Amino acid sequence: MAAFAEGTPCWVDVSLPDLEAGKRFYGELFGWTFGQDSGAARAHYTEAFSDGKRVAGLVAKRDGRMPTVWGVYFATPDAAALSAKIVAAGGRLVREPMAVGRFGVMALAADPAGAVFGLWQAGDDAGFEKQGLPGSFCWTEVYTRDKESVDPFYEEVFGFRSTDLPDDTVDFRMWSPAGTEPGAGTAIGGRSVITDAFPVELPGHFLSYFAVADADETAATVVRLGGRVTAPPFDIAYGRMAVLLDNQGASFAVLAEAEPESKPGQEEDER
């Protein structure tokens, strides 16, 4: 499988206090199956599959003080060089680049406002084998209180070409990879703003979306499985979405796309 272009989301994983409960939850919600447990040395990292294709990872938290959260990884051909660029642009490293066996090199970083994201330098594993289809990742966006520092950071680090939504009532910026024509057709993620509609204690964070056939049915299933709905299903220009919590508190969104090539835009602010 060809490597992803630099700055393209190439993988997501979720850190959970109870890995087996997570497998039961996401297995029923998305129809995922799961690969072999990697063992205690790798925090029992387990890959999830949809239609036999790699779509995500689940990992047991080593420390209960760490957040229960979905993380997104951006592709890079050189994690060390990109890590240095992140620091020079005002971000910081949460975890220095480290080899993950033959699979690749990973690092964790935070933007100037504190939102954490990952880097992945492909080895044997490039990342997603399926995306944009029901049961797989389709979009990610960072939520921040400091767009003045965050916007230039991502544009400098990844070379993103940005497009702001034309609606003045919605502060949302779409990211297109370097070398592409900016706009909805090439966007791979975006930046939103944490407004007064959010809890004051909510930190900067990434929200990742999974494609589904029916957002309302998915939200109902999340509740049945012990999770919660934080933004009930609502229509946006690109389809119908909802923001959800799994039964251990990890936040994610789902999108039932209006058209296969559509991209999501905005979370709770558009309700």
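Residues numbered from 1 in each chain as written. Predicted model: local features only at pLDDT ≥ 70, side-chain atom pairs only at ≥ 80, totals over all residues. Heavy atoms only, no water.

> Quick rundown of the overall build of the protein chain? Include the residues and the values.
On a plain count of helices and strands, the protein chain comes out with four helices and 16 strands. For 271 residues, the compact-globule formula gives about 18 Å, and the C-alpha radius of gyration of the protein chain, at 17 Å, lands near that figure. C-alpha extents for the protein chain along the principal axes are approximately 45 × 40 × 35 Å. Here the protein chain holds 271 residues, and the buried ones make up 52% of them. In the protein chain, the share of contacts with a sequence separation of at least 24, taken over all contacts with a separation of at least 6, comes to 60%. Summed over all atoms, the accessible surface of the protein chain reaches about 11900 Å², with 52% contributed by carbon and sulfur. Across the protein chain, the 23 positively charged side chains and the 40 negatively charged ones have centroids separated by 6 Å. (Helix = DSSP H or I, 4+ residues; strand = E, 2+ residues; numbered from the N terminus. Rg over C-alpha atoms; globule rule 2.2 N^0.38 Å. Buried < 20%, exposed > 50% of the residue type's maximum accessible area, 1.4 Å probe, protein only. Contact = heavy atoms within 4.5 Å. Areas by Shrake-Rupley, 256 points an atom, 1.4 Å probe, with all protein chains shown as cover. Lys, Arg positive; Asp, Glu negative; His and termini not counted. Charge placed at Lys NZ, Arg CZ, Asp CG, Glu CD.)

> Explain the environment of Asp13 to me, and be specific about the residues and the numbers.
Its location among the elements puts Asp13 in strand β1 (residues 9-16). Overall, Asp13 belongs to the buried group, its relative accessible area being 7%. Considered as a pair, Asp13 and Lys147 are 134 residues apart in the sequence and their alpha carbons are 25 Å apart. Setting aside residues no more than four positions away along its own chain, Asp13 makes contact with Tyr45, Gly57, Val69, Trp70, Gly71 and Tyr73. For Asp13, the side chain forms a polar contact with the side chain of Tyr45, separated by 2.8 Å. (Polar contact = N/O pair within 3.5 Å; in protein donor to acceptor, adjacent residues only side chain to side chain.)

> Can you tell me about the nonpolar core, naming the residues and giving the values?
Ranked by size, the top nonpolar core spans 62 residues in total, and within it Trp32, Trp70, Phe117, Tyr154 and Phe252 carry the most contacts. Counting 21 residues, the second largest nonpolar core, distinct from the first, contains Ala187, Tyr209, Ala211 and Leu255. (Core = buried A, V, L, I, M, F, W, Y, C linked by side-chain atoms within 4.5 Å.)

> Hey, could you go over the pairing of strand β16 (residues 251-257) for me, with residue numbers and the actual values?
Buried residues dominate β16, accounting for five of its seven residues. Note: strand β13 (residues 205-211) against β16, three bridges, orientation parallel. Across the sheet, the residue bridging to Tyr209 is Ala253, located in β16. Bridge count for strand β15 (residues 239-245) against β16 is seven bridges, and the pairing is antiparallel. From the neighbouring strand, Ala242 faces β16, where its bridge partner is Val254. The antiparallel pairing of β15 with β16 creates a hairpin that spans five residues between the two strands, and Gly249 there sits at a positive phi of about 105°. (Pairing = 2+ DSSP bridges.)

> A description of the packing of helix α1 (residues 19-30) against helix α4 (residues 215-224) should follow, citing residues and the corresponding values.
Two elements in contact, α1 and α4, have axes separated by 10 Å at closest approach and are oriented at 155°. Between α1 and α4, the angle falls in the class roughly antiparallel. Considering the relative orientation of α1 and α4, their crossing is right-handed. Only Thr218, Thr221, Val222 and Arg224 of α4 make contact with α1, whose side of the interface consists of Phe25, Glu28 and Leu29. Grouping the constituent residues of the contact of α1 with α4 by class yields three nonpolar, two polar and two charged. (Axes fitted to C-alpha atoms, helices over the stretch in contact; angles between N-to-C directions. Parallel < 35°, antiparallel > 145°, perpendicular 65-115°, else oblique. Left-handed = near helix turned anticlockwise from the far one by under 90°. Nonpolar A, V, L, I, M, F, W, Y, C, P; charged D, E, K, R; others polar.)

> Give a description of the packing of aromatic side chains that names residues and reports values.
Each aromatic ring pair is summarised here by two numbers: the centre-to-centre distance and the angle between the ring planes. In total, this model carries 31 aromatic pairs according to the counting rule given. Where Tyr154 meets Phe158, the ring centres are 6.5 Å apart and the plane angle is 10°; that geometry is what we call stacked. A residue pair is termed a helical-turn pair when its members lie 3 or 4 positions apart in one helix, as Tyr154 and Phe158 do in helix α3 (residues 147-158) at four residues. Taken as a pair, Tyr154 and Phe158 share a single burial class, namely buried. Summarising the aromatic geometry, the rings of Phe160 and Trp175 are spaced 4.8 Å apart at their centres and angled 15° between planes, so their arrangement reads as stacked. One end of the pair, Phe160, is in the loop between α3 and β10 (161-164); the other, Trp175, is in strand β11 (residues 172-176), with 15 residues separating them in the sequence. There is no split in this pair, since Phe160 and Trp175 are both buried. Of the aromatic side chains, those joined through ring pairs into one cluster are Phe74, Phe117, Phe153, Tyr154, Phe158, Phe160, Trp175 and Phe206. Geometry around Trp11 places Arg54 over its ring, the cationic atom sitting 4.5 Å from the centre. (Phe/Tyr/Trp six-rings, centres within 6.5 Å; stacked < 30°, edge-to-face > 60°. Lys NZ or Arg CZ within 6 Å of the ring centre and 35° of its normal.)

> So what about the sheet that holds β11? Which residues, and what values?
With mixed pairing, eight strands are arranged side by side in an open sheet as β10-β11-β12-β9-β13-β16-β15-β14. A strand with exactly one partner marks an edge of an open sheet, and here the two such strands are β10 and β14 (228-236). Strand after strand, the sheet turns through a mean of 25° between neighbouring axes, direction not considered. Pairing of strand β9 (residues 137-144) with β13 involves six bridges; the strand directions are antiparallel. Bridge pairing links Thr140 to Ser208 in β13. Strands β14, β15 and β16 of the sheet are contacted by α4, whose axis makes an angle of about 10° with β15.

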